[in-house]
Amino acid sequence: MPTNSLSRRKFLQLSSLSGTALCLGYYFPLSADAAQILNASAEAAETEIELNAWISINTSGKVTIFSHRAEMGQGAFQAIPQIVAEELAVVLKEVNILFAPGDNRKYGSQITGGSSTVRSSYKNLLKLGATAREMLTEAASTKWGVSKTDCYAEAGHIIHRPTGRKFHYGELVVEASKLKVPENITLKPRSAYQLIGKPLKRQDTPLKTNGAAIFGLDKRIPGMLYASVERNPRLRGKVKSFDDTAARKVPGVKDVFLVKMKVFNTDREGIAVVANSTWAAFQGRKALKVEWDDSGFEHVNSEDIFRQHKEILETREGISFRKTGDPDPILKQGGQKIDALYQTPYQAHACMEPLNCIAHYQGDKLEIWGPIQGPDWVQDYLSEEMGLKRENVIVNMTFLGGGFGRKAFMDYPYEATLISKQIGGPVQVVWTREDDLNQGPFRPGVSYRCEGMVANGEISAFKVRMAGQNIDHFSDDKRGEANSSATEGFLESYFAHLKNVSFADVPFETPIPIMWWRSVYASTNGFAFESFLDELALAAGKDPLEFRRVHLQEERLQQLINKLEAVSGWKSRKKNEGYGTAITECFGSYAGYVVKVSRNAENKVQIDQVWAVMDCGWYVNPDTIRAQVEGSVIMALGAATIHEVTFKDGLAEANNFYTYHMPRITDAPLVEIHVMENEADAGGVGEPGLPPFAPALTNAIFDLTGKRIRNLPFDLTSV
Amino acid sequence: MQQLLTIKLRHFLPNKTVTFPAFIFAVIALMAAMSSTKEPSGLDTSSLEKPRKDSIESVKAFMQVYQVLMSPRCMNCHPSGDVPLQGEDSHLHAMQPQRGKDGRGLYAMKCANCHQAANTPGLHMPPGNPNWHMPPADMKMVFQGRTPHQLAKQLIHPAQNGHKSREQLLAHAADALVIASWNPGEGRTPPPLSQEEFAKAWVKWIKKGAYAPAEK
Amino acid sequence: MITLSVNKKTYQLDVDPNMPLLWAIRDVIGLTGTKYGCGAAQCGACMVHLNGEAVFSCVTPVSRAVGQQVITIEGLSAGNDHPLQLAWQELDVPQCGYCHSGQLMSAAVLLRENPNPTDEDIDQAMAGNICRCGTYSRIRKAIHHAAELQKNGK
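The structure presented is a predicted model; accordingly, all values stated were derived computationally and were not measured. Residue positions are given per chain, counted from 1 along the sequence in the order it is written. By the order in which they are written, chains take letters starting at A while ligands take numbers starting at 1. Selection of residues for local features in this predicted model requires a pLDDT of at least 70, selection of side-chain atom pairs for listing and counting requires 80 or more, and totals for whole chains, interfaces and linings are taken over all residues. Only hydrogens and water are removed before side-chain values are computed, so all heavy atoms of the structure are retained for them.

Q: Would you mind showing me how to read the interface of chain B and chain A here?
A: When the parts come together, some accessible area is lost, and that loss is often what is quoted as the size of the interface. Counting residues at the interface gives 5 residues for chain B, matched by 4 residues for chain A. Here the buried area means the combined drop in accessible surface, using a 1.4 Å probe, for two parts upon being joined, counting both sides. On the chain B side of the contact with chain A, A94, M95 and H124 of chain B bury the most area, a combined 75% of that side's loss. What makes a salt bridge here is a side-chain nitrogen of Lys or Arg within 4 Å of a carboxyl oxygen of Asp or Glu, nothing more. At the junction of chain B with chain A, the criterion picks out 0 salt bridges. A 3.5 Å cut-off defines polar contacts: any pair of N or O atoms within that distance qualifies, except that in protein one atom must be a possible hydrogen donor and the other a possible acceptor, and neighbouring residues in sequence count only when both atoms are side-chain atoms. Run the count over chain B and chain A and you get 0 residue pairs in polar contact (both at pLDDT 80 or more). Any two residues whose heavy atoms approach within 4.5 Å are treated as being in contact.

Structure, rendered in structure tokens:
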């Protein structure tokens, strides 16, 4: 078992249940080369070696692989074991997969964000699996007294090639665990992969077709109560007073009290209603009479925010983020100049599973269960806030019913902890859909002023200024610096070609809580950059795809453009069809789209088909990539054409799905997906497919109608 | 939308000082089925005058009826398409439930899957009635987009009104689902007339001859 | 006391008759496959079968289910092998998976009433179920696949 600091007695108890286990793992923050594998058996546990384990094998041969990252739909629960199992040579469906608890001393960063699960850990995971396999092979060859080179690993067994004799891993694990950890492990060449690169079935799917998967909201702890918190609906508002007489009379309600916490550099206040069922807690909330204190902060309105963006973009240069050459003198010359303002709205994450968390505070110890994207962050944060030893804060991940960035924040586990502390027992704190949508944090709305010039069929100057809230400001010391994501989404290859290009951030502050939202600034930047690229291409009299081919000289992008052109029939488009393209880069991957639109019988614009080409280099599971692109199209379509969060007098107007409409199956277009094959390192998969969809769509609409859409969201049916 | 409707209606609504020659010339024949004098049960019409044809009074009464029928509470379930409408602005029902053959929805999207026997408490929550449904596919009884003239004719035409006889038509004002319009659930405005006013105007329209306002 | 039949098992519940069926199933009976998504009959995550109809349990008072047959996702099949479940597994439909209990309960009514649905039928039947991960195109494919399985007696 991989639990650290196991006492001898505990370990022996476990051993008697499951046999002796071999545990292997890396100290993760180290580079792959310096990674040190630790191994342990019963003897090792006596010496209290801290284990850092992804793999556990018991003497009956059962293999357990730990997922140190969250499963929120993106496929980590499949990808991590698929990588380890490849080099470990085990049958994936016979492997037990468990979520590792939060502990970055053991696992390195566990934050499931930035599409980083595979790309940041695959090299280590491969080496980890291979090392275990080598040690098992050596144990077998020693037992048989044969040469190691005559032995090979397959399907959880070491086989002696000349004689066909075999041991299952469980028969070797005790001996293997006593061996010196080998160095200079040889990894399989990609051509020899049997699992990696194959569209293997997800291991979590059967759990998700019969209700067996346990999401945060499904977790139950003995003696657990339920709570829900009536927070000031006005962002950053406080509680003046409240009357809980009626709430306490609701059958099932056990307790009502004020919860105060620091969140987003400010106080958040609400009234917690604790009850014996979720519904009783909700009913209790409805019976509360609360007088809110809405003073002391700005009551924002959406129109004001976007008007201010426009004003500062017209009058200020902002903080330079990146500059090559100088576009300003060129833009002052005569010529084909375009000066355009793009605006993108605030959005909510709207995970299907509303926020929730179980906390059990026990004085010197705290245990958390929930849908959590960063269990190590929660561990660090809560141990500090609650004054507990880090190892006494145990953070357990469940399956996440969506995450998209929202469940990477620590506010809801913290709030659950405070409520558990107050009532002295375990409690599940449940957010309503309304809480989930109107409390934030939100994707920031961002405006972009894009200025450009074309000469001789190419871009001679390209200047972008952004204005919008900066997520970097979670850390106060980042104030005064440009948004570090000012070019996120913009292909690096453009910089190699463009002579005069600049990106700047015109700082803008407002008290709306903000947070990463799938693909972060690339989701808004990408729309502005790739729409503007289209405008420049057309100003230059060039075909938009050809224009990109000229400006993006990198081989992988040339291949991606060729692929897009070939699969979409870009060159053989018919009359009355609009074609648009966009290509963006984020989190180490390239994604390109072609969208085809036309007018239907009612003269409304409809999306006929979407072609997506994803280049994420080395990859684990092509079907997961397809699924992520399919999902990205829908999420991007929603954010571009269906929903936005607006604010009025400091209140988010999004409330439930009746005001924050979601794309439904009736909105889902036909999507064809192609995954590029090359030797590049792994890039991200969960997010990079999102940013180019909206600009490819609006570029297609321009192609069809001549109407340039510069503000999102827009109504597809009224173009 | 609501405001727009009111403004439009002003053109139709008879004003005390105005005469109605157009209406008189536009009288329509009353259906044979409607000549019966038998009063429907459950409807108190004792205060009404004896049935006597009077196109001006009938049309006047219908224009009141029309205001109600075109209000979101009635029109939302009598749409021109096969998807019901929602809200004060009569937008398409968000998840686009279909009428279905019997007017009770299709597959997993049957009306009663969300609409309970009573209103679900809370803003934006599904309003309810034990008999919640739309007109069936073979008798759509569309209100949306109908002029007063069209709607009046449609209402008295058995082939378009659900094969209702005059008695049944009179009784319709007391139908539980119709009455439910005056208990629309939180956040929804009831029709512009009270239920009593509506019933009175409805009965009066029919009893005075069920005349249709002039085609504009 | 409220007597409920859920997945052919009888439960006696001491709850307010107005408590939504969703919370009776999840918090009192303890079957957590049925999900809370919106509480307002907007998203379909809470769908269960009430006498075979896919009701939105978040707005259905538990009293409505008295004396009726309630089937939840846990009771859709005994071995996770309803044609739809098999099709969902074959095509790896779910991503986060949270909405799919409802998606499956919704699709089950469609397949029962229309064993050979078109894309349009599927869209009409499934428009009440929101999937934030955007698995809609796979849902369509999987329902067609399940229809095939059903025809072949699987």
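Q: Whenever I open this one, the confidence of the model for chain B confuses me. Can you help?
A: Residues and elements named next belong to chain B. pLDDT gives the predictor's per-residue confidence on a scale running from 0 to 100. On average, residues of chain B score 81 in pLDDT, and 76% of them reach the 70 mark or higher. Each helix is a run of DSSP H or I of at least 4 residues and each strand a run of E of at least 2, with the numbering of both proceeding from the N terminus. Within chain B, strand 4 (residues 109-110) carries the highest mean pLDDT (98), whereas helix 2 (residues 21-25) carries the lowest (34). Every residue in residues 1-49 scores below 50 in pLDDT, and together they form 66 contacts with partners more than four places removed in sequence or on other chains.

Q: Sorry if this is basic, but what is going on with the sheet that holds strand 20 (residues 446-455) of chain A here?
A: The strands making up a sheet associate through backbone hydrogen bonding, with each pair oriented either parallel or antiparallel. All names here are of chain A. Here we have 5 strands laid out as an open sheet, ordered 14-22-21-20-15, and mixed in their pairing. Where the open sheet ends on each side, the last strands, each with one partner, are strand 14 (319-324) and strand 15 (336-344). Averaged over all pairs of adjacent strands, the angle between strand axes in this sheet comes to 10 degrees, irrespective of strand direction. As defined by bridge partners, strand 15 adjoins strand 20 across 9 bridges and the pair is classed as antiparallel. Looking at strand 20, one finds that A340 is bridged to C450. Contacting strand 15, strand 20 and strand 21 (458-468), helix 9 (residues 302-315) crosses the sheet at an angle of about 40 degrees to strand 20. The angle between two axes is taken between their N-to-C directions and runs from 0 to 180 degrees, where each axis is a line fitted to C-alpha atoms and a helix contributes only its stretch in contact. Most of the contacts of helix 15 (residues 522-539) go to strand 15, to which it runs at about 155 degrees, and overall it touches strand 15, strand 20, strand 21 and strand 22 (501-505). Pairing between strands requires that DSSP locate at least two bridges from one strand to the other.

Q: Honestly, the side chain of T112 of chain A in this entry has me stumped. Any pointers?
A: Residues and elements named next belong to chain A. Of note, T112 is situated in the loop between helix 4 (104-107) and helix 5 (117-144). At 2.8 Å, the side chain of T112 forms a polar contact with the backbone nitrogen of A70. Aside from chain neighbours lying at most four places away, what touches T112 is R69, A70, M72, Q74, T117 and Q373.

Q: Before we go on, may I ask you to explain helix 15 of chain A in this structure?
A: Residues spaced three or four apart along an α-helix face the same direction, because each turn holds 3.6 residues. Residue and element names in this part refer to chain A. Taking 1.5 Å per residue as the helical rise, helix 15 with its 18 residues ought to reach 26 Å, and the 25 Å between its terminal C-alpha atoms agrees with that figure. A 1.4 Å probe rolled over the protein chains alone gives each residue an accessible area, and that area as a share of the maximum for its type sets the label: buried under 20%, exposed over 50%, partly exposed in between. Of all 18 residues making up helix 15, 16 are buried, and the element is well covered by its neighbours. Directly after helix 15, the chain includes G541, whose backbone phi takes a positive value near 70 degrees. Every helix has an expected span of 1.5 Å times one less than the residues it contains.

Q: What exactly am I supposed to notice about the nonpolar core here?
A: Side chains that are nonpolar tend, in soluble globular proteins, to be buried together. The term nonpolar core refers to a set of buried residues drawn from Ala, Val, Leu, Ile, Met, Phe, Trp, Tyr and Cys, joined through side-chain atoms within 4.5 Å. By size, the foremost hydrophobic cluster in this structure holds 240 residues, and its most contacted members are F462, W618 and F693 of chain A together with I143 of chain C. For this core, the element with the highest residue contribution is helix 5 of chain A, accounting for 11 residues. Core analysis: the next-biggest nonpolar cluster, separate from the first, contains 31 residues, F143, L193, V203 and A212 of chain B among them.

Q: Hey, could you run me through the pairing of strand 2 (residues 9-13) of chain C in this one?
A: On a regular strand, each side chain points to the face opposite its neighbour's, so the side chains alternate between the two faces of the sheet. Residues and elements named next belong to chain C. Inspection of the sheet shows strand 1 (residues 2-6) paired to strand 2 by 5 bridges, in the antiparallel sense. Along strand 2, the bridge assignment pairs L4 with Y11. Here strand 1 folds back onto strand 2, and the loop between the two strands holds 2 residues, one of which, N7, carries a positive phi near 50 degrees.

Q: Sorry, what's going on with the packing of helix 5 of chain A against helix 6 (residues 169-178) of chain A here?
A: What describes two packed helices is the angle between their axes and the distance between those same axes. Residues and elements named next belong to chain A. Packing of helix 5 against helix 6 leaves a shortest axis separation of 8 Å and a crossing angle of 90 degrees. What the angle tells us is that helix 5 and helix 6 run roughly perpendicular. Along the contact surface, helix 5 presents R133, M135, L136, A139, A140 and K143, while helix 6 presents Y169, E171, L172, V173, E175 and A176. Classification convention: Asp, Glu, Lys, Arg as charged; Ala, Val, Leu, Ile, Met, Phe, Trp, Tyr, Cys, Pro as nonpolar; all other residues, Gly among them, as polar. Among the residues making up the contact of helix 5 with helix 6, the classes are represented as 8 nonpolar, no polar and 4 charged. Roughly parallel refers to an angle under 35 degrees, roughly antiparallel to one over 145, roughly perpendicular to one between 65 and 115, and oblique to any angle outside these ranges.

Q: What's the story with the interface of chain A and chain C in this structure? I'm lost.
A: With 59 residues of chain A at the interface, the matching set in chain C holds 49 residues. Across the interface of chain A and chain C, roughly 4,500 Å² is buried in total on both sides, 56% from carbon and sulfur atoms. By the criterion of area lost to chain C, the three top residues of chain A are W279, M352 and I665 of chain A, representing 19% of everything that side buries. Where chain A packs against chain C, one counts 5 salt bridges. The closest approach of N and O atoms between D623 of chain A and R138 of chain C, which form a salt bridge, is 3.0 Å. At the boundary of chain A and chain C, one finds 29 residue pairs in polar contact (both at pLDDT 80 or more).

Q: What exactly am I supposed to notice about unusual backbone geometry here?
A: Across the chain, the bulk of peptide bonds are trans and the bulk of non-glycine residues have phi less than zero. Cis geometry marks the peptide bond from G440 of chain A to P441 of chain A; its omega dihedral reads 0 degrees. For P441 of chain A, the location among the structural elements is in the loop between helix 13 (433-438) and strand 20. Residue L712 of chain A is joined to P713 of chain A through a cis peptide bond whose omega torsion reads -10 degrees. With respect to the helices, strands and loops of the structure, P713 of chain A is situated in the segment after helix 19 (693-705). For H163 of chain B, which is not glycine, the phi torsion reads 55 degrees and is therefore positive. Looking at the element boundaries, H163 of chain B is found in the loop between helix 5 (148-156) and helix 6 (166-172). In this structure H163 of chain B comes out as exposed when scored by relative accessible area, which is 59%.

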